[in-house]
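Summary of structural features
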Amino acid sequence: MVKRFRIYAALAAWTIAALCFAPSGAPAQTVLHGRALALTGGGATGTAWETGVLLGLQRSGIDVNAADVVIGTSAGSIVGAEMRSGTSLDDLYRAQVTADASVLATWSKNVDPAYMQATRALYVTDHALSQAERAAVGARALAAKLPSEAEWLPNFYRASGIAVLDAWPAKPLSIVAVDAADGSVAVFNKTQNVPIKLAIAASAAVPAFTPPITINGHRYTDGGVAGANLLVARGFATVLAVVPNPASGTTADIAALQAAGARVIFITPDADTKAAMGPNSLDASRKPASADAGIRQGLAAAAQLKSVWFP
């Protein structure tokens, strides 16, 4: 527990006031290019906060959608897919502050809280999970006594606002999920002929809260089981990581990107934002406060980001 506290304390120190711009101490082994935007997992409140951060950056003149790729994990897959598909950040923000909190609250009645908490303890750890450990989480996700995928998906589409998405966007988008059977990490994009809504639902399938999602005969659970997945951005010269809930392994991912020569800008909730988001990331009633906190942090980050985001 003490070790976990130290990890999160270190991450908390890397908030907006001290964005992570440290250059690599060793020469890059490959030629890096372009900009990646990584949006990671954080439940309903994380979705709202990420939207607010991006809107705050945009209001300050930072075109986040100009990234050469957007990498979405869980909550981040929702925000990234909608933005890439042409929905304005102002509209996304309005959707967050007017979201129907009753959808997730009603679904929660199907969930065994003790089972979910025990499952969560397997992947919210002080270390990055191995494939075998991810498979153990997947096994519990598969065994959870929940209504079917067919019953969950309409609820998810309604709660997330992605029902209108019918095709992958033209701009590059990658969505991360975890195979519940073997713990392998899948990165979906428009080349794989996977419906975008299913890819998002798989990436955001919180273990033991929602059923794993079937894609091409495999069942997938939340991409956040594999952490922040920042290493999907390998090869890019600049990586903007917007991380509502720093996972175990986030620090190591950032260090690995920097060691390869990338410039990493890391934005995570500060103390005031954490208070606004509350202790339960699935509490949709806190989405308005989370979104507003995100705008504040996005505005604060913009001055430092301007010097590195533009090509």
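Scroll up to find the structure this text is about.
Keep in mind the model is a prediction, meaning the values are calculated, not measured.

Moving on: the environment of alanine 177. The residue alanine 177 is located in strand 3 (residues 173-179) in this model. With 95 residues separating them in the primary sequence, alanine 177 and aspartate 272 have C-alpha atoms 30 Å apart. Dropping the residues within four chain positions of it, alanine 177 is found in contact with Ser184, Val185, Ala186, Phe188, Ala202, Ser203, Tyr220, Thr221 and Gly223.

On to helix 12 (residues 287-309), then. Between its first and last C-alpha, helix 12 extends only 28 Å over 23 residues, short of the 33 Å set by a 1.5 Å rise per residue. Maximum bend of helix 12: about 50 degrees, positioned at alanine 303.

Time to look at the nonpolar core. Grouped together as the largest cluster of nonpolar side chains are 73 residues, with contacts concentrated most on Leu37, Leu54, Leu57 and Leu240. Among all residues touching leucine 57, those that are not within four sequence positions of it are Ile62, Val64, Leu240, Gly298, Leu299, Ala301, Ala302 and Leu305.

What follows covers unusual backbone geometry. Although it is not a glycine, asparagine 216 sits at a positive phi angle of roughly 50 degrees. Secondary-structure assignment places asparagine 216 in the loop between strand 5 (213-215) and strand 6 (218-222). For asparagine 216, a relative accessible area of 62% translates into the label exposed. A positive phi angle is found at asparagine 229, which is not glycine, with a value near 60 degrees. The residue asparagine 229 is located in the loop between strand 6 and strand 7 (236-242) in this model.

Let's shift gears to the pattern of salt bridges. Going through the model one piece at a time under the given rule, you end up with seven salt bridges. Note that arginine 158 and aspartate 100 form a salt bridge whose closest N and O atoms lie 2.5 Å from each other. A residue pair is termed long-range when its members are at least 10 positions apart, and arginine 158 in helix 8 (residues 149-160) and aspartate 100 in the loop between helix 4 (89-97) and helix 5 (102-107) qualify at 58 residues. Residue classification places arginine 158 among the exposed residues on the basis of a relative accessible area of 55%. Between glutamate 149 and arginine 219 there is a salt bridge, and its shortest N-O distance comes to 3.5 Å. With glutamate 149 in helix 8 and arginine 219 in strand 6, this pair connects stretches of sequence that are 70 residues apart.

This part takes up the packing of helix 6 (residues 113-123) against helix 7 (residues 131-143). Where helix 6 meets helix 7, the axes come as close as 9 Å, and the angle between the chain directions of the two elements is 160 degrees. As judged from the angle between their axes, helix 6 and helix 7 are roughly antiparallel. Along this stretch, helix 6 crosses helix 7, giving a crossing that reads as left-handed. Of the residues in helix 7, those in contact with Tyr115, Ala118, Thr119, Leu122 and Tyr123 of helix 6 are Ala136, Val137, Arg140 and Ala143. For the contact of helix 6 with helix 7, the class distribution of residues is seven nonpolar, one polar and one charged.

Criteria and thresholds
- Residues numbered from 1 in each chain as written.
- Predicted model: local features only at pLDDT ≥ 70, side-chain atom pairs only at ≥ 80, totals over all residues.
- Heavy atoms only, no water.
- Helix = DSSP H or I, 4+ residues; strand = E, 2+ residues; numbered from the N terminus.
- Contact = heavy atoms within 4.5 Å.
- Expected span 1.5 Å × (residues − 1).
- Bend = angle between axes of the 7 residues up to and from the residue.
- Core = buried A, V, L, I, M, F, W, Y, C linked by side-chain atoms within 4.5 Å.
- Buried < 20%, exposed > 50% of the residue type's maximum accessible area, 1.4 Å probe, protein only.
- Salt bridge = Lys/Arg side-chain N within 4 Å of Asp/Glu carboxyl O.
- Axes fitted to C-alpha atoms, helices over the stretch in contact; angles between N-to-C directions.
- Parallel < 35°, antiparallel > 145°, perpendicular 65-115°, else oblique.
- Left-handed = near helix turned anticlockwise from the far one by under 90°.
- Nonpolar A, V, L, I, M, F, W, Y, C, P; charged D, E, K, R; others polar.

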